[in-house]
Amino acid sequence: MSFFASNQYDVVVCGAGPAGLMAACTLGRMSSGVRRILLLDKKEPWKEPIFCAEAVSTSRLSALWPIDRSWVRQDLSGIYFTSRSRRRAEFYSKDCGLLLDRSKFHKSIADECVKAGVECHFDTVVKKLDRENDEWSITVSVNGSEEILRAPVVVDASGPGARLTKNIACLEGIESGDTDLEPAIFAVAEGIEHSPEHIELFFGSDFPSGYGWIFPRDGKEVNIGFVLGKDAKLESSNREKLMNFLAEEYPQATVKAVYGGMIACGQSDKPIAKCGLFKAGDSASCVNPISRSGITESLLCGKIVGEAALEWLDSTPAERPAVEAKAHKVWMEKMGKAHMQIARGKAGFNQITDAQFNKAAERLSKLPREKQTLFRIFFNVLWASPSLVWKLRSFLHW
């Protein structure tokens, strides 16, 4: 007996993170139930806690999805930028952003997918994709039983690593999603003194080519961790490094859980769609290369891909390559070009020394809060290291 309503769909969306949920919901709403849309994930996206990357811009999120206070953990009013000497510069803004309860946020979008007529299965592993007779054959496993589903369009929102699309001949040249991965690790901890309305970001040699962070959660717990450049050389494991950092800086902390893995951290100019397969979110490397932020980026990319997938279905075979190219063009115009400029400045940013960060943070910390704008923070770092201005000229539009 099949676990699915059919073995033939118009679009199969693989992955129920922000990108996949948004793509599926967009498809369901725009097609008004006429198209068969299937959303798959190996687990229910609200059953396990999601602690990484919980902060979003209020304005960017509200432009993509209506904000419901039931899944907002905390309003943010600022960011502390902390140097190696533990000097702080503060960016203050009353509407700086939001901290999300990612599990509840994902559940709310999944509920809207169901309302829009999307068939959802959050117990299904997508094992393999094959291109056969101008459509996709999707091998899935549910409770150890394999089935083969078919669809002319697949959305790969399965995250970084390109596992689904490796070694598929017709996808040569498409964005792989595995070319710019970096190690990240974080702990949920209590007993760390912090501002519940501020994110704190740590820069310097403690976190080579990356940064550390503290994200408040509920006034008691924090999400504390770091991301490092993919070429960073360490004398110990990331877990040991995190535990040592906690022991040195927050000896009173109680660690409740530790999570880690490779995260997407880049943006390329490769196409995100080909042969009826559309990549979205981390699978398409739609991530800010320096901040590594990806929630609103994934929502936007999922929306663009959902709209493009529906247009693809309504097009002739001769028109479809142009629709695929258009999806990439729209993403690049909305956010991708800005990411590419940031990527060009990333190497220069990573060359800023502890002394330069310390000097900039000390100067900024003496200013009144209202004068510590992001513009001043950024240019004080550059002023402490004027040689980097030339290296970052493309990032600065100079």
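Quick notes on the rules
- Residues numbered from 1 in each chain as written.
- Predicted model: local features only at pLDDT ≥ 70, side-chain atom pairs only at ≥ 80, totals over all residues.
- Heavy atoms only, no water.
- Helix = DSSP H or I, 4+ residues; strand = E, 2+ residues; numbered from the N terminus.
- Contact = heavy atoms within 4.5 Å.
- Areas by Shrake-Rupley, 256 points an atom, 1.4 Å probe, with all protein chains shown as cover.
- Salt bridge = Lys/Arg side-chain N within 4 Å of Asp/Glu carboxyl O.
- Buried < 20%, exposed > 50% of the residue type's maximum accessible area, 1.4 Å probe, protein only.
- Core = buried A, V, L, I, M, F, W, Y, C linked by side-chain atoms within 4.5 Å.
- Pairing = 2+ DSSP bridges.
- Axes fitted to C-alpha atoms, helices over the stretch in contact; angles between N-to-C directions.
- Phe/Tyr/Trp six-rings, centres within 6.5 Å; stacked < 30°, edge-to-face > 60°.
- pLDDT = per-residue confidence, 0-100.
- Expected span 1.5 Å × (residues − 1).
- Parallel < 35°, antiparallel > 145°, perpendicular 65-115°, else oblique.
- Left-handed = near helix turned anticlockwise from the far one by under 90°.
- Nonpolar A, V, L, I, M, F, W, Y, C, P; charged D, E, K, R; others polar.

## Observations concerning the overall build of the chain
Link 1 in the chain: If you tally the helices and strands in the chain, you get 9 helices and 17 strands.
Link 2 in the chain: By sequence separation, contacts in the chain at least 24 residues apart represent 70% of the contacts at least 6 residues apart.
Link 3 in the chain: Accessible surface computed for the chain: about 18,000 Å², of which carbon and sulfur atoms make up 51%.

## Quick word on the pattern of salt bridges
Link 1 in the chain: Tallied over the full model, the rule gives 25 salt bridges.
Link 2 in the chain: Taking the shortest distance from any N to any O, the salt bridge between Arg-35 and Asp-314 comes out at 2.7 Å. Of this pair, Arg-35 sits in the loop between α1 (18–31) and β2 (37–40) while Asp-314 sits in the loop between α5 (295–313) and α6 (320–349), and the two are 279 residues apart along the sequence.
Link 3 in the chain: For Asp-314, a relative accessible area of 55% translates into the label exposed.
Link 4 in the chain: Here Glu-297 and Arg-60 are joined by a salt bridge, their closest N and O atoms 3.9 Å apart. Placement of Glu-297 in helix α5 and of Arg-60 in helix α2 (residues 58–64) is noted, with a sequence separation of 237 residues between them.
Link 5 in the chain: Among the residues examined, Glu-297 registers a relative accessible area of 1% and is labelled buried.
Link 6 in the chain: For Arg-60, a relative accessible area of 42% gives the class partly exposed.

## Examining the nonpolar core
Link 1 in the chain: Counting 52 residues, the largest nonpolar core has Leu-39, Leu-61, Phe-105 and Phe-278 as its most contacted members.
Link 2 in the chain: Per-element accounting of this core gives the leading share, 11 residues, to α5.
Link 3 in the chain: Not counting chain neighbours up to four residues away, the residues in contact with Leu-61 comprise Val-56, Ile-67, Trp-71, Leu-98, Leu-100, Phe-105, Thr-296 and Leu-299.
Link 4 in the chain: Of all hydrophobic cores here, the second largest spans 21 residues; its members include Ala-89, Leu-201, Tyr-211 and Trp-213.

## A short note on the sheet that holds strand β1 (residues 11–14)
Link 1 in the chain: Taken in spatial order, the 6 strands line up as β6-β2-β1-β10-β17-β16 in an open sheet, and their pairing is mixed. The open sheet has two edge strands, β6 (119–121) and β16 (273–274), and neither has a second partner.
Link 2 in the chain: Its contacts with the sheet put α5 on β1, β10 (153–156) and β17 (277–279), and the angle it makes with β17 is roughly 170 degrees.

## What about the packing of aromatic side chains?
Link 1 in the chain: As enumerated under the stated definition, the model contains 11 aromatic pairs in all.
Link 2 in the chain: Arranged with centres 6.2 Å apart and planes meeting at 15 degrees, the rings of Phe-81 and Phe-203 form a pair that is stacked. Highlighted residues: Phe-81 in strand β4 (residues 72–82) and Phe-203 in the loop between β12 (198–202) and β13 (211–216), separated in sequence by 122 residues. Across this residue pair, the class does not change: Phe-81 and Phe-203 are buried.
Link 3 in the chain: Aromatic side chains Phe-203 and Tyr-211 sit 5.9 Å apart centroid to centroid with 35 degrees between the ring planes, which places their arrangement in the tilted category.
Link 4 in the chain: The rings of Phe-81, Phe-186, Phe-203, Tyr-211, Trp-213, Phe-215 and Tyr-259 are connected pair by pair, giving a single aromatic cluster.

## Brief notes about unusual backbone geometry
Most of the time, phi is negative for any residue but glycine, and the peptide bond is trans.
Link 1 in the chain: Backbone geometry at Asp-134 places phi at a positive 65 degrees, although glycine is not the residue there.
Link 2 in the chain: Within the fold, Asp-134 resides in the loop between β7 (124–132) and β8 (135–142).

## Focus on the confidence of the model for the chain
Link 1 in the chain: Per-residue pLDDT for the chain averages 87, and the proportion of residues at 70 or more is 89%.
Link 2 in the chain: Across residues 386–398, where pLDDT falls below 50, the model places 24 contacts with residues more than four positions away in sequence or in other chains.

## Here's the deal with the environment of Phe-81
Link 1 in the chain: When its relative accessible area of 18% is taken as the criterion, Phe-81 is described as buried.
Link 2 in the chain: A sequence separation of 280 residues divides Phe-81 from Ala-361, and the C-alpha atoms of the two residues are 7.6 Å apart.

## Describing the sheet that holds β13
Link 1 in the chain: In spatial order, the strands read β3-β5-β4-β12-β13-β14-β11-β15; together these 8 strands make up an open sheet with mixed pairing. In this open sheet, the two strands that pair with only one neighbour each are β3 (55–56) and β15 (254–264).
Link 2 in the chain: As paired elements, β4 and strand β5 (residues 88–100) share 9 bridges and run antiparallel to each other. Paired with Val-72 across the strands is Leu-100, a residue of β5.

## A few points about helix α3 (residues 102–115)
Link 1 in the chain: With 14 residues, α3 extends 20 Å from end C-alpha to end C-alpha; this agrees with the ideal 20 Å at 1.5 Å per step.
Link 2 in the chain: Among the residues of α3, Arg-102, Ser-103, Phe-105, His-106, Ser-108, Ile-109, Ala-110 and Cys-113 are the ones counted as buried.
Link 3 in the chain: Looking at the packing, one finds that the buried side of α3 touches α1, β2, α2, β5, β6 and α5.
Link 4 in the chain: Of the residues trailing α3, Gly-117 is marked for its positive phi of about 90 degrees.

## Description of the packing of α5 against α6
Link 1 in the chain: Interaxial distance between α5 and α6 falls to 9 Å at its minimum, and their mutual angle equals 165 degrees. Judged by the angle between their axes, α5 and α6 are roughly antiparallel. With respect to the hand of their crossing, α5 and α6 are arranged in right-handed fashion. Contacts between α5 and α6 involve Glu-297, Leu-300, Cys-301, Ile-304, Ala-308, Glu-311, Trp-312 and Leu-313 from the first element and Arg-320, Val-323, Glu-324, Lys-326, Ala-327, Val-330, Trp-331, Lys-334, Met-335 and His-339 from the second.
Link 2 in the chain: A per-class count over the contact of α5 with α6 returns 11 nonpolar, 1 polar and 6 charged.

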